[in-house]
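What the coordinates show
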Amino acid sequence: MAEQVRQQAGGAAGSGCDAAPCCAGLGTGQVVSLCRMRSGQCGIIRGLLAVGADGAYLRALGLRANQRIRLCRASGPWIVEVGCHGGPASRIGLARDLAAQVQVEIAG
Amino acid sequence: MSQTASAKETGSSPATAGPARRLVLLGNPNTGKTSLFNRLCGVRHKTSNFAGTTQEARVGAPRGLPEGSEILDLPGIYSLELEQSEAEICRRVLAGELAPRGEAIGEPDTVVVVADATNLLRSLMLVGEATRRGLPMIVAINLVDEARKRAIHADERVLAERLGVEVVVCSARTGEGIEQLSRALAQGRIPRASPPGSIEGLETWADELYAQMAAGAEPPIPDTLTDRLDRAFTHPLLGLLAFVATMGGLFWTIFKLAAYPMDWIDAIFTHLGGFLGGVLPPGPLHDLLVDGVLAGVGSTAIFVPQICLLFFLISLLEDTGYLARAAFVMDKLLRPFGLTGHSFVPFLSSHACALPGIISARGVPDRRDRLATILAAPFMSCTARIPVYVLLTGLLFPQRPAMQALAFTGCYAMGIFAGLFSAMLARRTVLPGKSRPMVMELPAYRMPSLRNAALLARDRGFMFLRKAGTAILAICIVLWWLGAYPRTTAPPQALQLREQAEQLRASDQAADREGADAILTEADALEAAHAARSSFLGRMGSALEPVFRPLGYDRQLTIGVLASFAAREVFVSTMAVQVAGVDDAESESVRQSIATATRDDGKTLVFTAATSWSLLIYYVLAMQCLPTLAVTAKEAGHWKWALLQLVWMCGVAYVSAAALYHILQAAGVA
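Quick caveat: nothing in here was measured; it's all calculated off a predicted structure. (Residues numbered from 1 in each chain as written. Chains lettered and ligands numbered in written order. Predicted model: local features only at pLDDT ≥ 70, side-chain atom pairs only at ≥ 80, totals over all residues. Heavy atoms only, no water.)

1. Notes on the overall build of chain A
For chain A, the count of helices and strands is three helices and six strands. What you see in chain A, going N to C, is helices and strands ordered as α-β-β-α-β-β-β-α-β. With 108 residues in all, chain A has 61% of them scored as buried. A separation of at least 24 residues holds for 64% of the contacts in chain A among residues at least 6 apart in sequence. Of the roughly 4000 Å² of accessible surface on chain A, 48% is carried by carbon and sulfur atoms. (Helix = DSSP H or I, 4+ residues; strand = E, 2+ residues; numbered from the N terminus. Buried < 20%, exposed > 50% of the residue type's maximum accessible area, 1.4 Å probe, protein only. Contact = heavy atoms within 4.5 Å. Areas by Shrake-Rupley, 256 points an atom, 1.4 Å probe, with all protein chains shown as cover.)

Written as structure tokens, this is what we have:
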């Protein structure tokens, strides 16, 4: 599953954000949907299952492959900090339906 | 970050046809784009719409550029490629296919891309998209003060070098870098870089560029305060309590503070009316100006303080970052009705006046959600209904303020419920389809800008006054004419009273002269009531009485209901004229006259308990505001939506009021 999503993301594992200090613990290969993460957990987005307008909007907001995230709140709304630790961050609030469409590789 | 970074090798110079320049501001939402616009132009701007759309366009005259130069504040977007109306407007403006109403169409001379220093990576995506357009460009990296506080560093010289355009770091909030930006506005250059065309390629380009800009920078300071505040404001219980407290405070402030300027406006129009009444000789022109134009504009302009204050406070709340959190709190409550959290600001605004409420529905991203919000918004009890609620609850529960307050609150609750139910019905019938899941950026908590809020309040006030001076004025004049014509002679009974008064006036006794005044007042009342009955509106009332009879209304109440189509509060003064012959419904004696007024049979009360309840329900639910219908048609894009709103609201009001009247009659409440 992790490999499949990694391929969706353009096989970008190991590039870009993986090299950042906060992601040093990554590499567990455990890929879950955002709505299955716990509050406070970090990870890297490995793929978006949302397509069409919703997918394009999430991408435009910065929820795209290889972006570092931190889950700030793990229930409606799911609040995600995009670009945490190593760089500037923005916060995105998502309903459960959309949170379920974001695939994240959890930090170890 | 230094304040200005220029490319060492400049890109090709733009070709400008004349000295005046046309610039556009492009940027993500929450990047302080509008604050920057306000800094660059101040009050020297006008608000209109993009031609053929309802999207607002602000055009200003920037300082430091040749006379006639303009800067256009484009809607905030996350990407030029999104299938959203705002993104389409930006695309068409950049392509030279669209301009604000009244402005010449043509490609902009310079695109000023406003980037967010606290979220530069995402801003670089939009910079890349704009770069691909090949237009002369400047990048303004805003919010640098906030970035500094959070120890976020990025070297803007790298960006200037890569793109070959001017890059200015600034803060619209503190004014830092604004002078440099003003000077740079004349130096837009065509970028020499050309980011990849595919979305994946652009993402990689932005990632690499940001990595170069931020190379060697220390990690920023984590924002733990935002975490804590978010946990509270989006908590199922705490969030709701915070929401109720905030909205309660908002409304309290609006009603409390707006009361003073509203009283002043009322006094000004009363004085103006008195002045014009004294200067102009009696006749049609006098009546048209004093009773038609002045009274019509005055009754509308009185709401300007509430509208300005509402937008001022909403702007402050929005600036703090709280409104985005509140939208999520409301999302859970609104979703069962087929709406999203985006609808809550329009509903909130509609409690002051449906006009700004419907206009603010522009912020609802999905078209079907937006239309459902527009259709439901006028159900919210606006301030124009308050005088009617006060009159009817006072008649229903005389000397029982607690019951009056309970009934009053019930009216508000019923309006909200009816609006939500109607939205749900609309989403299941005429606007089918699932609501899009809620997703939105939660901007950082910030100190609000009083300057931005004041400018927005001023713009909204002017917009409303423009409407008051055109459509609303026309409607008021037509309704005044229907209520004032044809002119009739005084009824014989009034003539007799006047003769009687003349005789008493001739007397030497002071008591007789006082008695003459009272008789003259009675004669005036009789004449006014007779004129109201004989007017076109009065005749329409008589003709339409059978239509409203199932609701328990007689001829006089029917006239009151018909007159309310100018503005709901007109009902109170119309009834005062109908039954007491004067329009001062505040007077205790007039209220007493209204309470004891009888129908044409001389026995039955006009306001029985059943009739009053029926009227109360009717006024909560009915669409009786022609300006609202005009705005609905404009914002929804077609008159069919306004017609649907009119038919649905009046239909629901009619059936509910008739049902309640007959139930109360059957229960012996008369």
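2. Details of helix H5 (residues 156–163) of chain B
All names here are of chain B. Inspection of H5 places Glu156, Val158, Leu159, Ala160 and Leu163 among the buried residues, and these make up the whole buried set. Taking the backbone nitrogen of Arg157 as reference, a side-chain oxygen 2.9 Å away marks Asp155 as the first, capping residue of H5. Within two residues after H5, Gly164 carries a phi angle of roughly 75 degrees, on the positive side. (Polar contact = N/O pair within 3.5 Å; in protein donor to acceptor, adjacent residues only side chain to side chain.)

3. Here's the deal with the packing of aromatic side chains
Residues and elements named next belong to chain B. One pass over the full model with this rule turns up 17 aromatic pairs over all chains. Aromatic pair Phe397 and Trp613: ring centres 5.9 Å apart, planes at 80 degrees, arrangement edge-to-face. Here Trp613 lies in helix H25 (residues 609–621) and Phe397 lies in the loop between helix H16 (386–396) and helix H17 (401–428), a separation of 216 residues in the sequence. Ring geometry for Phe548 and Tyr553: centres 6.1 Å apart, planes at 15 degrees, overall stacked. The class for Phe548 is buried, based on a relative accessible area of 9%. In textbook terms, an aromatic cluster arises when at least three aromatic residues are bridged by ring pairs, as seen for Phe548, Tyr553, Phe571, Tyr618, Tyr619 and Tyr654. Directly above the aromatic system of Tyr485 lies the positively charged group of Arg487, at a separation of 4.7 Å from the ring centroid. (Phe/Tyr/Trp six-rings, centres within 6.5 Å; stacked < 30°, edge-to-face > 60°. Lys NZ or Arg CZ within 6 Å of the ring centre and 35° of its normal.)

4. Section: the interface of chain B and chain A
On the side of chain A, 30 residues touch chain B, which itself brings 38 residues to the contact. Counting the surface lost from both chain B and chain A, the interface buries some 2800 Å², and carbon and sulfur atoms represent 54% of this. Across the chain B-chain A interface, the total number found is seven salt bridges. Across the salt bridge formed by Arg59(A) and Glu200(B), the nearest N and O atoms sit 3.4 Å from each other. Taken together, the links from chain B to chain A amount to 13 residue pairs in polar contact (both at pLDDT 80 or more). Listed by contribution, the elements that provide at least two residues to the side of chain B that touches chain A are helix H3 (120–131), helix H7 (199–213), helix H8 (224–233), helix H12 (322–334) and strand S9 (439–442) of chain B. Residue contributions to the side of chain B that touches chain A peak at five residues, all from H7(B). Across the side of chain B that touches chain A, the residue classes tally to 17 nonpolar, seven polar and 14 charged. Sheet analysis places strand S5 (residues 90–94) of chain A next to S9(B), joined by four bridges and oriented antiparallel. Bridge assignment links Gly93(A) to a residue of S9(B), and that residue is Met440(B). (Buried area = accessible area lost by both parts, 1.4 Å probe. Salt bridge = Lys/Arg side-chain N within 4 Å of Asp/Glu carboxyl O. Nonpolar A, V, L, I, M, F, W, Y, C, P; charged D, E, K, R; others polar. Pairing = 2+ DSSP bridges.)

5. Some thoughts on the nonpolar core
Side chains that are nonpolar tend, in soluble globular proteins, to be buried together. In this structure, Leu34(A), Leu26(B) and Val139(B) are the most contacted members of the largest nonpolar core, which totals 76 residues. Ala242(B), Leu250(B), Leu334(B) and Ile358(B) belong to the second-largest nonpolar core, a separate cluster that totals 64 residues. (Core = buried A, V, L, I, M, F, W, Y, C linked by side-chain atoms within 4.5 Å.)

6. With respect to the pattern of salt bridges
Residue and element names in this part refer to chain A. Counted according to the given criterion, the structure contains 30 salt bridges over all chains. With a shortest N-O distance of 3.4 Å, Glu81 and Arg70 are connected by a salt bridge. Of this pair, Glu81 sits in strand S4 (residues 78–82) while Arg70 sits in strand S3 (residues 68–74), and the two are 11 residues apart along the sequence. Residue Glu81 shares its accessibility class with Arg70, and that shared class is buried. Here Glu81 ties to Arg91 by a salt bridge, and the two come within 3.3 Å at their closest N and O atoms. Taken together, the residues span a long stretch of sequence, with Glu81 in strand S4 and Arg91 in strand S5 at a distance of 10 residues.

7. Regarding the pairing of strand S6 (residues 102–106) of chain A
Residue and element names in this part refer to chain A. With respect to burial, S6 is a largely interior element, five of its five residues being buried. Taking every second residue as pointing to the same face, both faces of S6 are buried, with Val102, Val104 and Ile106 on one and Gln103 and Glu105 on the other. The pairing of strand S1 (residues 31–33) with S6 spans three bridges and is antiparallel. The partner of Ser33 across the bridge, within S6, is Gln103. The sheet contact formed by strand S2 (residues 42–48) and S6 spans five bridges and is antiparallel. Each residue of the ladder has a partner; that of Gly47, found in S6, is Gln103.

8. A look at the pairing of strand S4 (residues 56–60) of chain B
Here is the key point about a regular strand: its side chains alternate between the two faces of the sheet. Residue and element names in this part refer to chain B. Counting buried positions over the five residues of S4 gives five, a clear majority of the element. Neither face of S4 is exposed, since Glu56, Arg58 and Gly60 on one face and Ala57 and Val59 on the opposite face are all buried. With three bridges connecting them, S4 and strand S5 (residues 70–73) associate as antiparallel partners. Across the sheet, Gly60 pairs through a bridge with Ile71, a residue of S5.

9. A closer look at the sheet that holds S6(A)
Reading across from one edge, S1(A)-S6(A)-S2(A)-S3(A)-S4(A)-S5(A)-S9(B) is the order of the seven strands in this open sheet, with antiparallel pairing throughout. Only two strands of the sheet have a single partner each, and these edge strands are S1 of chain A together with S9 of chain B. Taking the axes of each pair of neighbouring strands and ignoring which way they run, one obtains an average angle of 40 degrees across the sheet. Relative to S4(A), S3(A) runs antiparallel, the two sharing five bridges. The residue bridging Arg70(A) from the neighbouring strand is Glu81(A), located in S4(A). On the sheet, helix H2 (residues 52–61) of chain A packs against S2, S5 and S6 of chain A together with S9 of chain B and is oriented at approximately 10 degrees with respect to S9(B). On the sheet, H8(B) packs against S3, S4 and S5 of chain A together with S9 of chain B and is oriented at approximately 40 degrees with respect to S3(A). (Axes fitted to C-alpha atoms, helices over the stretch in contact; angles between N-to-C directions.)

10. Overview of unusual backbone geometry
Residues and elements named next belong to chain B. The step from Tyr485 to Pro486 runs through a cis peptide bond, and the omega angle for that step is -5 degrees. Its identity as a non-glycine residue notwithstanding, Leu143 has a phi of 65 degrees, on the positive side. With respect to the element layout, Leu143 can be found in the loop between strand S7 (137–142) and helix H4 (144–149). A relative accessible area of 5% places Leu143 in the buried class. Here the phi dihedral of Gln399 falls at roughly 60 degrees; this positive angle occurs in a residue that is not glycine. Secondary-structure assignment places Gln399 in the loop between H16 and H17. Under the relative-accessibility criterion, Gln399 is labelled exposed at 74%.

11. Some remarks on the confidence of the model for chain A
Should pLDDT be low for a region, the predicted coordinates there are not to be read in detail. Residues and elements named next belong to chain A. Chain-level pLDDT for chain A is 75 on average; 69% of the residues reach the 70-or-more range. When mean pLDDT is compared element by element in chain A, S6 scores highest at 93, while helix H1 (residues 2–8) scores lowest at 44. With pLDDT under 50 throughout, residues 1–24 is counted as low confidence; its partners more than four residues away or in other chains account for 36 contacts. (pLDDT = per-residue confidence, 0-100.)

12. Let's talk about the packing of helix H15 (residues 367–376) of chain B against helix H27 (residues 639–666) of chain B
Residue and element names in this part refer to chain B. Relative to each other, H15 and H27 sit at 45 degrees, their axes nearing to 10 Å. Between H15 and H27, the interaxial angle falls into the category oblique. Pair H15 / H27 crosses with right-handed handedness. For the pair H15 and H27, contact is made by Arg367, Leu371, Ile374 and Leu375 and by Trp641, Leu644 and Gln645, respectively. A breakdown of the residues in the contact of H15 with H27 according to their chemical character gives five nonpolar, one polar and one charged. (Parallel < 35°, antiparallel > 145°, perpendicular 65-115°, else oblique. Left-handed = near helix turned anticlockwise from the far one by under 90°.)

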